[in-house]
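Given next are the chains, with one letter for each unit.
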Amino acid sequence: MHDETVYKAEMKAPARPRSVWPALLIGGGLVLLSPALLPDELWLPLILLVAPGLLLMWPAYRSTTEARSSLSVLAIAGAPTLLVGLLLLVMGVTHHYGSWAYAWLLLPAAVVAGAMYVKRFEPDHSVHTTGYRVVRALILATMALAIFFELFVFRGIGAWWPLMLIALGGYLWLRDKRS
């Protein structure tokens, strides 16, 4: 007797397209409401830098191993844009804009981190090995300059001391995780 095996392809239910309208309405409402709730030094970086930085990072975030977006390269510009927005937020909260004297070193680190994020599905790509070293060196240089400027130029470490402790802890955590 002859056995016949029948294979049936599993039918996936078609993915329901998500409506972007609710997200746009919520985001638009928050944008219009932010000037009333936040001082200028906080909402301007959010609207002018953080939001565009996140939008530039979005295609890379949505990319998968199977479906890589050609727009993922926008993350290389999105990472420093987002970083500047976040730095301005922190500087606005602490009222310490003099920290640009050393914080600018984080901009090339953000560009490299953005390139590493774009190539995250290619673990053997050289950008990861070189990029990790470059980012680490720039963060350590920023921390060294921060200590120098805060202690000897600005004559006090102020609100940056806890942030530097957090940064150092984050660095040590990533270093341990990587090895």
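Notes on the structure follow. (Residues numbered from 1 in each chain as written. Predicted model: local features only at pLDDT ≥ 70, side-chain atom pairs only at ≥ 80, totals over all residues. Heavy atoms only, no water.)

### Digging into unusual backbone geometry
As a reminder, the rule being used: The helix and strand labels rest on DSSP assignments: H or I over at least four residues marks a helix, E over at least two residues marks a strand, and numbering proceeds from the N terminus. Exposure categories follow from relative accessible area, calculated using a 1.4 Å probe and restricted to protein chains: below 20% of the type maximum is buried, above 50% is exposed, and the middle band is partly exposed.
Despite not being glycine, His-95 has its phi angle at roughly 55°, a positive value. Mapped onto the elements, His-95 comes out in the loop between α3 (75-94) and α4 (100-103). Residue classification places His-95 among the exposed residues on the basis of a relative accessible area of 57%.

### A short note on the packing of α3 against helix α5 (residues 106-118)
The condition is simple: Comment: axis = line fitted to C-alpha atoms, over the contacting stretch for helices; angle = value between 0 and 180 degrees taken between N-to-C directions. Convention used here: angles under 35 degrees read as roughly parallel, angles over 145 as roughly antiparallel, angles from 65 to 115 as roughly perpendicular, and any remaining angle as oblique. Take the far helix as your reference; a near helix turned counterclockwise from it by less than a right angle gives a left-handed crossing, and one turned clockwise gives a right-handed crossing. Two residues form a contact once any of their heavy atoms are found within 4.5 Å. In the scheme used here, Gly and all other residues not listed as nonpolar or charged are polar, with Ala, Val, Leu, Ile, Met, Phe, Trp, Tyr, Cys and Pro taken as nonpolar and Asp, Glu, Lys and Arg as charged.
Close contact between α3 and α5 brings their axes to 7 Å; oriented N to C, the two are set at 140°. Considering the angle they form, α3 stands oblique to α5. Two packed elements cross with a definite hand, and for α3 against α5 that hand is right-handed. Across the interface between the two elements, Ala-75, Ile-76, Ala-79, Pro-80, Leu-83, Val-84 and Leu-87 from α3 touch Leu-106, Leu-107, Ala-110, Val-111, Gly-114, Ala-115, Tyr-117 and Val-118 from α5. The residue makeup of the contact of α3 with α5, split by class, is 14 nonpolar, one polar and no charged.

### Focus: the nonpolar core
As a reminder of what qualifies: Here, nonpolar core means buried Ala, Val, Leu, Ile, Met, Phe, Trp, Tyr and Cys residues that are tied together by side-chain atoms lying within 4.5 Å of each other.
Residues Met-57, Ala-60, Ala-75, Ala-79, Leu-83, Leu-87, Met-91, Ala-103, Leu-106, Ala-110 and Val-118 constitute the largest nonpolar core, which totals 11 residues. Among the secondary structure elements, those contributing two or more residues to this core are α2 (40-62), α3 and α5. If one sorts the elements of this core by residue count, α3 sits on top with five residues. Aside from chain neighbours lying at most four places away, what touches Leu-87 is Trp-100, Ala-103 and Leu-106. Judged by nonpolar contacts, the second largest core, of eight residues, contains Ala-109, Ala-115, Met-116 and Tyr-132.

### What to know about helix α6 (residues 126-153)
Selection criterion: How far a helix is expected to stretch is found by multiplying one less than its residue total by 1.5 Å.
Between the first and last C-alpha of α6 there are 39 Å, a value that for 28 residues agrees with the 40 Å anticipated at 1.5 Å per step. Listing the buried residues of α6 in full gives Val-127, His-128, Gly-131, Tyr-132, Val-135, Leu-138, Thr-142, Met-143, Ala-146, Phe-149 and Glu-150. Trailing α6 by a residue or two, Arg-155 shows a phi angle of about 60°, which is positive.

### Points about the packing of aromatic side chains
What counts is decided by this rule: Between 30 and 60 degrees the pair is tilted, below 30 it is stacked and above 60 it is edge-to-face, where a pair is any two Phe, Tyr or Trp rings, Trp via its six-membered ring, whose centres lie within 6.5 Å. In this scheme, Lys NZ or Arg CZ marks a charge over a ring once it lies within 6 Å of the ring centre and within 35 degrees of the ring normal.
A full pass over the atoms with the stated rule returns five aromatic pairs. Ring geometry for Tyr-102 and Phe-149: centres 6.1 Å apart, planes at 40°, overall tilted. Separated by 47 residues along the polypeptide, Tyr-102 in helix α4 and Phe-149 in helix α6 bring together distant segments of the chain. No difference in accessibility class separates Tyr-102 from Phe-149, as the two residues are buried. Among the aromatic residues, those joined into a cluster by ring pairs are Tyr-102, Phe-148, Phe-149, Phe-152 and Phe-154. Geometry around Tyr-117 places Arg-120 over its ring, the cationic atom sitting 4.2 Å from the centre.

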